[in-house]
Amino acid sequence: MYESFEEAVEKTVNKGRVHTPNVEHKEIHEKNYETYRALYEQLKSLMKKTGGKKHESSSSLCK
C-alpha cells in the first residue's frame, strides 16, 4: 500500500481551502468556543442515551 504514513497522507489527502482566523475577532471566537464547550458537556449524556444516532426525520431538517 504505502511505505509510510507521510506517503499515505501525501497521496490521499487533498487540502482544499485554508481558513485563517481573523485576529480582530479573537474575543468573539473565544466566547463562542466557551459556549460550544458548555453545550457539549451538557448534551454529552443525552447523546449517550440515544447512542448518538440521528432519527431518519432529522435528516430532512438539514436540507
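Residues numbered from 1 in each chain as written. Predicted model: local features only at pLDDT ≥ 70, side-chain atom pairs only at ≥ 80, totals over all residues. Heavy atoms only, no water.

Trainee: Lay out the overall build of the chain in plain terms, naming residues and giving numbers.
Mentor: The secondary structure content of the chain amounts to 2 helices and 0 strands. Expressed as a percentage of the 63 residues in the chain, the buried residues total 2%. For the chain, the accessible surface area stands at approximately 6,800 Å², while carbon and sulfur atoms represent 56% of it. (Helix = DSSP H or I, 4+ residues; strand = E, 2+ residues; numbered from the N terminus. Buried < 20%, exposed > 50% of the residue type's maximum accessible area, 1.4 Å probe, protein only. Areas by Shrake-Rupley, 256 points an atom, 1.4 Å probe, with all protein chains shown as cover.)

Trainee: Account for helix α2 (residues 26–50), with residues named and values stated.
Mentor: Given a rise of 1.5 Å per residue, 25 residues ought to cover 36 Å, and the 35 Å separating the end C-alpha atoms of α2 matches this to within 8%. Largest kink in α2: about 40 degrees, centred on Leu43. Gly51 lies just past α2 and shows a positive phi near 75 degrees. (Expected span 1.5 Å × (residues − 1). Bend = angle between axes of the 7 residues up to and from the residue.)

Trainee: Account for the pattern of salt bridges, with residues named and values stated.
Mentor: Close approach of charged atoms lets side chains of opposite charge pair. Enumeration according to the criterion identifies 4 salt bridges in this entry. Here Glu30 and Lys26 are joined by a salt bridge, their closest N and O atoms 2.6 Å apart. On the criterion of helical spacing, the pair formed by Glu30 and Lys26 is a turn pair, its members being 4 residues apart in helix α2. Owing to a relative accessible area of 39%, Glu30 belongs among the partly exposed residues under this scheme. Between Lys44 and Glu41 there is a salt bridge; the shortest N-O distance is 3.2 Å. (Salt bridge = Lys/Arg side-chain N within 4 Å of Asp/Glu carboxyl O.)

Trainee: Provide a residue-level description of the packing of aromatic side chains, including the pertinent values.
Mentor: Overall, the coordinates contain 2 aromatic pairs when judged by the stated rule. Members of the aromatic cluster, each reached through a chain of ring pairs, are Tyr33, Tyr36 and Tyr40. (Phe/Tyr/Trp six-rings, centres within 6.5 Å; stacked < 30°, edge-to-face > 60°.)

Fair warning: the whole summary comes from geometry, so function is off the table for now.
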